[in-house]
Amino acid sequence: MNISRDAAAVSPLRYDPLDPDTLASPYALYTRLREETPVFWHEQLASWVLTRYRDCRDVLRDHGLFARDRRRVGEDVPEFRQSVQSLDPPDQTSLRGLFINSLRAQDLDGIGRRARRQVADIFDRMSSRAEFNWMTEVAAPVSLSITAELLGVEEPELEPYVQISDALARRMDYGLLPGVVETGDRARKKFNALVDSWFETNDRPGTLHDVRKNAAKARVPEHYIRNTTSVTFNASFGTVYATAGNVALTLLQHPEALSRLRDERLLDTGVDELIRFDGPAQGTSRVATRRTTIRGTVIEPGQTVLTLMAAANRDPEQFPRPDELVLDRSPNPHLGFGWGPHACLGTIFGQLAVKQLVIGLLDAGTPLRLAGTPERRRTATVRSLDNLPVTFRH
Ligand code: HEM
């Protein structure tokens, strides 16, 4: 592709999302990128990178100009990839509506209550351990149970599914690490077999049941539903898992914030602020359908634009005191759940899951403490932890 770029368009700052310092905390670098080169060309990612709030939000909102569906710029999208995530309005509209309505019809309070009980039971079991990994003992099982219950499918076995999810999360970074593609594609095949089994045997109440019941009326093709079920399950598990880790670490590093969350009036705004402050979704991409300019930089049709939502979420032009946790921040139009026609389908469930974890931490008899150095997962698109060593013992 013919990339028109001048010297100013290529950032003099080295942006390597997988650099260990950036993985530890990308926010100082995001600040410099926002200030010094808010629109720059990243050779390895083959994308224009945006870091300012308004630019990111405008791109995510304008699906006419910035497409998700790459068929709109003449590329092929195989049938097995066609889902709510890959289609744009108007093709996406009834499919998205079908899933949103079915998700909203689920018993939010019941799911919340059961998640809270599960968290309390795990904490009981872990209370005497000298140390445990929050990611494997808490984040993974809680995210998996919530996701399976919400979709109304049999809960997959934890270990094998976590491996599948991990490989799929890593695959999103194929531009940076081409080696992840093969493992990711193998994991996708295994996961598809699981999804097929849900379609053959599932008779549980839940989102999938409701979606299938209403699909004919909505005139949505079967493969869109199957692929969107798969996308939704993975998006739910992967992001709730990563958020559970990021939020726990933030609260362990800001114990005063956790104490303040005892004030129930702060819980809703506090959960959103925790996601703005250090959410899992770092960036997402769109492709320009026409020639356009962003801050004077020409974007050609067919070029990819990467919106770094996590950088936008710390933009002082939108968020006063962006590097502080302001638990009563309101309004808080952060991009942690995306924006526009591809914004998160499961926002209320993501918020619900985080809330149950926060309540669990507040209700724990003794406060949870960090018991070692956290290890970040080496992924760029989703910011997550592999190991968060913690303990209830003092
Ligand atoms: C705290 C937890 C969560 C976070 C931070 C989160 C974040 C996001 C973000 C940033 C996007 C937009 C990506 C883009 O524009 O490319 C997204 C999309 C999506 N999310 Fe979530 N999510 C969470 C939980 C969930 C849950 C629980 C579900 C399932 C019920 C879910 C299902 C989806 C789906 C299906 C999409 C694709 C929507 C589309 O492309 O139209 N997410 N999520």
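Basis of the calculations
Residues numbered from 1 in each chain as written. Predicted model: local features only at pLDDT ≥ 70, side-chain atom pairs only at ≥ 80, totals over all residues. Heavy atoms only, no water. Phe/Tyr/Trp six-rings, centres within 6.5 Å; stacked < 30°, edge-to-face > 60°. Helix = DSSP H or I, 4+ residues; strand = E, 2+ residues; numbered from the N terminus. Lys NZ or Arg CZ within 6 Å of the ring centre and 35° of its normal. Pairing = 2+ DSSP bridges. Contact = heavy atoms within 4.5 Å. Axes fitted to C-alpha atoms, helices over the stretch in contact; angles between N-to-C directions. Polar contact = N/O pair within 3.5 Å; in protein donor to acceptor, adjacent residues only side chain to side chain. Near = heavy atom within 4 Å. Parallel < 35°, antiparallel > 145°, perpendicular 65-115°, else oblique. Left-handed = near helix turned anticlockwise from the far one by under 90°. Nonpolar A, V, L, I, M, F, W, Y, C, P; charged D, E, K, R; others polar. Donors = N, O, S within 2.8 Å, 3.2 Å for Na, K, Ca; no water. Expected span 1.5 Å × (residues − 1). pLDDT = per-residue confidence, 0-100.

Remarks on the packing of aromatic side chains
Okay, so step 1: Going through the model one piece at a time under the given rule, you end up with 15 aromatic pairs.
Okay, so step 2: Their ring planes at 85° and their centres at 6.0 Å tell us that Phe191 and Trp198 sit as a pair that is edge-to-face.
Okay, so step 3: Taken together, a centroid distance of 5.9 Å and an interplanar angle of 40° make the contact between Phe191 and Phe233 tilted. A residue pair is termed long-range when its members are at least 10 positions apart, and Phe191 in helix α8 (residues 180–201) and Phe233 in helix α10 (residues 222–253) qualify at 42 residues.
Okay, so step 4: The structure contains a cluster of three or more aromatic residues connected by ring pairs, namely Tyr161, Phe191, Trp198, Phe233, Phe237 and Tyr241.
Okay, so step 5: Of note, Arg314 hangs over the ring of Phe277, and the distance from its end group to the ring centre comes to 4.2 Å.

Section: the sheet that holds strand β3 (residues 66–67)
Okay, so step 1: Pairing in this open sheet of five strands is mixed, and the strands run β1-β2-β8-β5-β3 from one edge to the other. Across the chains shown, the open sheet's two edge strands, defined by having one partner strand only, are β1 (39–42) and β3.
Okay, so step 2: Both strand β5 (residues 284–288) and strand β8 (residues 304–307) contribute to a ladder of four bridges, which runs antiparallel. Directly across from Val287, in β8, lies its bridge partner Thr304.
Okay, so step 3: Across the sheet, helix α3 (residues 53–61) is in contact with β1, β2 (47–50), β3, β5 and β8; its angle to β8 comes to roughly 125°.

Looking at the side chain of Arg34
Okay, so step 1: The topology assignment puts Arg34 in helix α2 (residues 27–36).
Okay, so step 2: Among the polar contacts listed, one links the side chain of Arg34 to the backbone oxygen of Ala311, at a separation of 2.8 Å.

Quick notes on the site of the ligand
Okay, so step 1: With respect to spatial proximity, 29 residues lie near the ligand, and among them Arg68, Arg96, Thr284, His342 and Cys344 are the closest.
Okay, so step 2: One of the side-chain nitrogen or oxygen atoms of Thr239 is found 3.4 Å away from a nitrogen atom of the ligand.
Okay, so step 3: Those elements that place two or more of their residues in the shell around the ligand are α4 (93–104), α10, β5 and α14 (347–363).
Okay, so step 4: Ranked by residue count, the leading element in the shell around the ligand is α10, at six residues.

What about the packing of α4 against α10?
Okay, so step 1: Where α4 meets α10, the closest approach of the two axes is 11 Å, and the angle between their N-to-C directions is 50°. Taken as axis vectors, α4 and α10 run oblique relative to one another. In the packing of α4 onto α10, the handedness of the crossing is right-handed. Facing Leu95, Leu98 and Phe99 of α4, the residues of α10 in contact are Tyr224, Ile225, Thr228, Thr229 and Thr232.
Okay, so step 2: Grouping the constituent residues of the contact of α4 with α10 by class yields five nonpolar, three polar and no charged.

Remarks on the coordination of the iron atom of the ligand
Okay, so step 1: When only protein atoms are considered, the iron atom of the ligand has one donor, Cys344 (SG), at a distance of 2.3 Å.
Okay, so step 2: Here Cys344 lies in the loop between α13 (309–312) and α14.

Structural notes on the sheet that holds strand β9 (residues 369–370)
Okay, so step 1: Reading across the sheet, the three strands line up as β4-β12-β9 and stay open at both edges, with antiparallel pairing between neighbours. Sheet topology places β4 (132–133) and β9 at the edges, where each strand pairs with a single neighbour.
Okay, so step 2: Pairing analysis gives two bridges linking β9 to strand β12 (residues 389–391), with the strands arranged antiparallel. Looking at β12, one finds that Leu370 is bridged to Val390.

A closer look at helix α7 (residues 158–171)
At 3.6 residues per turn, the α-helix brings residues three or four places apart onto the same side.
Okay, so step 1: Taking 1.5 Å as the rise per residue, α7 with 14 residues should run 20 Å; its terminal C-alpha atoms sit 20 Å apart, in good agreement.
Okay, so step 2: On its buried side, α7 packs onto α6 (134–151), α8 and α10.

Comments concerning the side chain of Ser165
Okay, so step 1: Examined against the element boundaries, Ser165 turns out to sit in helix α7.
Okay, so step 2: Each residue touching Ser165, except ones within four places of it in the same chain, is listed here: Phe237 and Gly238.

Brief notes about the confidence of the model for the protein
Okay, so step 1: Looking at the protein as a whole, its pLDDT mean stands at 95, while 98% of the residues score no less than 70.
Okay, so step 2: Within the model, the stretch residues 1–8 combines pLDDT values under 50 with 13 contacts to residues more than four positions away or in other chains.

Concerning unusual backbone geometry
Okay, so step 1: The peptide bond linking Pro89 to Pro90 adopts the cis configuration, its omega dihedral lying at 5°.
Okay, so step 2: Take Pro90: it is sitting in the loop between β3 and α4.
Okay, so step 3: Of note, the amide linkage connecting Ser330 to Pro331 takes the cis form, showing an omega dihedral of 0°.
Okay, so step 4: Tracing the chain through its elements places Pro331 in the loop between α13 and α14.
Okay, so step 5: Within the chain, Arg219 stands out as a residue other than glycine whose phi angle is a positive 55°.
Okay, so step 6: By the secondary structure assignment, Arg219 is in the loop between α9 (207–218) and α10.
Okay, so step 7: Even without being glycine, Arg295 reaches a positive phi, approximately 50°.
Okay, so step 8: Among the secondary structure elements, Arg295 is positioned in the loop between β6 (292–294) and β7 (297–299).

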